[in-house]
Amino acid sequence: MKLITAVVKPHRLDEIKEALQAFGVHGLTVTEASGYGRQRGHTEVYRGAEYTVDLVPKVRIEVLVEDDDADQLIDVVVKAARTGKIGDGKVWAVPVETAVRVRTGERGPDAL
Amino acid sequence: MAPAITLAAETELSAANTGFMLICSALVMLMTPALAFFYGGMVRVKSTLNMLMMSFISLGIVTVLWVLYGFSLAFGTDSAGLIGWNSDWVGLSGIGLTELWDGYTIPVFVFLVFQLMFAVLTPALISGALADRVKFTAWALFVALWATVVYFPVAHWVWGAGGWAFELGVIDFAGGTAVHINAGAAALGVILVIGRRIGFKKDPMRPHSLPLVMLGAGLLWFGWFGFNAGSWLGNDDGVGALMFVNTQVATGAAMLAWLAYEKIRHGAFTTLGAASGAVAGLVAITPAGGAVSPLGAIAVGVVAGLLCAMAVGLKYRFGYDDSLDVIGVHLVGGIAGSLLVGFFATGKGQSDVAGLFYGGGLDQFWKQCAGVFAVLAYSLVVSAVLAFLLDKTIGMRVSEDDEVAGIDQAEHAETAYDFSGAGGGAARTAAAPAPVAVPAENRKVDA
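Rules behind the numbers
Residues numbered from 1 in each chain as written. Chains lettered and ligands numbered in written order. Predicted model: local features only at pLDDT ≥ 70, side-chain atom pairs only at ≥ 80, totals over all residues. Heavy atoms only, no water. UniProt positions renumbered as here; feature names shortened; annotations may be inferred. Helix = DSSP H or I, 4+ residues; strand = E, 2+ residues; numbered from the N terminus. Buried < 20%, exposed > 50% of the residue type's maximum accessible area, 1.4 Å probe, protein only. Salt bridge = Lys/Arg side-chain N within 4 Å of Asp/Glu carboxyl O. Contact = heavy atoms within 4.5 Å. Phe/Tyr/Trp six-rings, centres within 6.5 Å; stacked < 30°, edge-to-face > 60°. Buried area = accessible area lost by both parts, 1.4 Å probe. Polar contact = N/O pair within 3.5 Å; in protein donor to acceptor, adjacent residues only side chain to side chain. Nonpolar A, V, L, I, M, F, W, Y, C, P; charged D, E, K, R; others polar. Axes fitted to C-alpha atoms, helices over the stretch in contact; angles between N-to-C directions. Left-handed = near helix turned anticlockwise from the far one by under 90°.

Focus: the UniProt feature "modified residue: O-UMP-tyrosine" (unreviewed entry) in chain A
Residue and element names in this part refer to chain A.
Point 1. The sites that UniProt annotates as "modified residue: O-UMP-tyrosine" (unreviewed entry) are Y51.
Point 2. By secondary structure assignment, the location of Y51 is in strand β4 (residues 49-53).
Point 3. Judged by relative accessible area, which is 13%, Y51 ranks as buried.

Pasting the structure below:
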């Protein structure tokens, strides 16, 4: 199994959710996040005094998938998240040892 | 302020003027809480309440002092052009309900309550420079002392019959010198004594709520119509209406000028810039509005908007911490408006004196300079001395820990906003069920 994590622009969340549903993903976790990549936030001006706001709002989406689906699913997320502008975010995958559905106790792929 | 001459023909109480002036007084009262919100939105979350309270307390302190002796000091019988006194007015005890104010058509009680609102607002203006760092007790004492030894005498100079500036012919329709220059110079005097906020020029100190700033600026603009249009003390000859028009015109022009400056200099039309430009225009038209034409008011507004927008950056260059730009907006705006009277006075409004551009030469300009710089110097020096004395006795500043943690909690035992989930203020989830008390004997204890 793999854990796919995507940190993306908040306004792309709906598109990503729809794309994942169309792909057949049953569940996901969304967290509000903040951070910066190469774009380093933005500048605000108050009576001429400039403030650099480093951390910009993002959402963090996490999905557990079977190994065979991981690459394809990453493509789906990237396609749905992309605006082509700076700050679109990142997607990565890490191996997961096991997963358990709490209600039934099912383990592994059955728990997804 | 209208000249305190006796008009023989008009000595009867006018219900219309009395009603008009009572409404104007209420409008001016609104300016103090409006100022509180204007300032309150500009500070950080942790000192919002203190900023509101520094303005609000003036409504208590100055009101009481005004009844006890303030009105008498400001508008009583003149001594040497410097101060007034009238023992019949102490406690307002000897004033008849229908007794008219000095040849005008309004009762003394109406005049004194209108003037009271000016006296309340002026010390509140100073507080913007002192955000985040002054003990509330020290501030309250400062307000009482400052009103007594600075505001009441200066109001007498400028508006009292026999006051030296009044006799010299300095034009200050509604308080450019007595209110704005006075407060701005005092702010400078106090901050030279108390010093900068911890983290000035290092920590971000951006406004916590621009909507509050806009609300405050909008209410100030509204209240200012009473401040300015009411200062003719009646509505018989159109000067009050001219003042109303000029107030609107100069304020709009100043807002546009500030925004244009900002767009060119910093690349954006900011909300804070629009609010600040409006206030700068209101300040500048205050002394000038009865003397200039509406086109002159546009000029006054544009000059004030540009000058004030430039002036607010000076604190970073010179390193003094005028937290919310009382000097940049009120002192600079007040000086601009007062001096521009010397150029733009038409000779057809409040007085028949014309400025340089209307064939009057530089005579009025020099008079305006005398008024401006005398008030500036007096207020600056006396305010610095008062702050110094308070600092050496009870201390002006809160402790470093309290300043960093937030003055609201330290001085007022409150905070402005509840951001905790548990308290319910910012919680997004449904309220948690209230804990149920279980009698001790019923509790299960795991072995």
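Now that the structure has been shown, the text picks up again.
Things to note about the pattern of salt bridges
Point 1. Applying the stated rule across the entire model yields 14 salt bridges over all chains.
Point 2. A salt bridge links D14(A) to K17(A); the nearest nitrogen and oxygen atoms lie 3.7 Å apart. Residue D14(A) and its partner K17(A) are located together in helix α1 (residues 13-23), separated by three residues, close to a single helical turn.
Point 3. Looking at D14(A), the relative accessible area reads 45%, which means it is partly exposed.
Point 4. For R44(B), the salt bridge goes to D132(B), with nearest N and O atoms at 2.7 Å.

Some words on the environment of G175(B)
Residue and element names in this part refer to chain B.
Point 1. Among the secondary structure elements, G175 is positioned in the loop between α5 (164-168) and α6 (176-194).
Point 2. Between the alpha carbons of G175 and L35 there is a distance of 16 Å; along the sequence they are 140 residues apart.
Point 3. When sequence neighbours within four positions are dropped, the list of residues in contact with G175 reads W159, H180 and T286.

A short note on the packing of aromatic side chains
Residues and elements named next belong to chain B.
Point 1. Per the stated rule, a full pass over the model turns up 30 aromatic pairs over all chains.
Point 2. Plain terms: the ring middles of F75 and F111 are 4.9 Å apart, the flat faces sit at 85° to each other, and that makes the pair edge-to-face. Here F111 lies in helix α3 (residues 108-126) and F75 lies in helix α2 (residues 48-75), a separation of 36 residues in the sequence. By the burial criterion, F75 is buried, and F111 matches it.
Point 3. Pairing F365 with W366 gives two aromatic rings, centres 5.2 Å apart and planes at 65°, and the pair type is edge-to-face.
Point 4. Owing to a relative accessible area of 14%, F365 belongs among the buried residues under this scheme.

Here's the deal with the interface of chain B and chain A
Point 1. On the side of chain A, 10 residues touch chain B, which itself brings 19 residues to the contact.
Point 2. Summing both sides of the interface, chain B and chain A together bury roughly 1100 Å²; the carbon and sulfur share of this comes to 56%.
Point 3. Where chain B meets chain A, there are two salt bridges.
Point 4. Measuring nitrogen to oxygen at the nearest pair gives 3.9 Å for the salt bridge that ties R206(B) to E44(A).
Point 5. Across the contact surface, chain B and chain A share four residue pairs in polar contact (both at pLDDT 80 or more).
Point 6. Counting residues per element, the ones that place at least two in the side of chain B that touches chain A are α1 (15-42), α8 (239-266) and α9 (271-288) of chain B.
Point 7. For the side of chain B that touches chain A, the element with the most residues is α8(B), which contributes three residues.
Point 8. Per-class residue counts for the side of chain B that touches chain A are 12 nonpolar, three polar and four charged.

Description of the packing of α6(B) against helix α12 (residues 326-344) of chain B
Residue and element names in this part refer to chain B.
Point 1. One can describe the packing of α6 onto α12 by two numbers: an axis separation of 8 Å at closest approach and a directional angle of 145°. For the pair α6 and α12, the crossing hand works out as left-handed. In this structure, α6 uses G176, T177, H180, I181, A183, G184, A185, A187, L188 and I191 to contact α12, whose residues at the interface are V326, I327, H330, L331, G334, I335 and S338.
Point 2. Residues belonging to the contact of α6 with α12 are distributed by class as follows: 10 nonpolar, seven polar and no charged.

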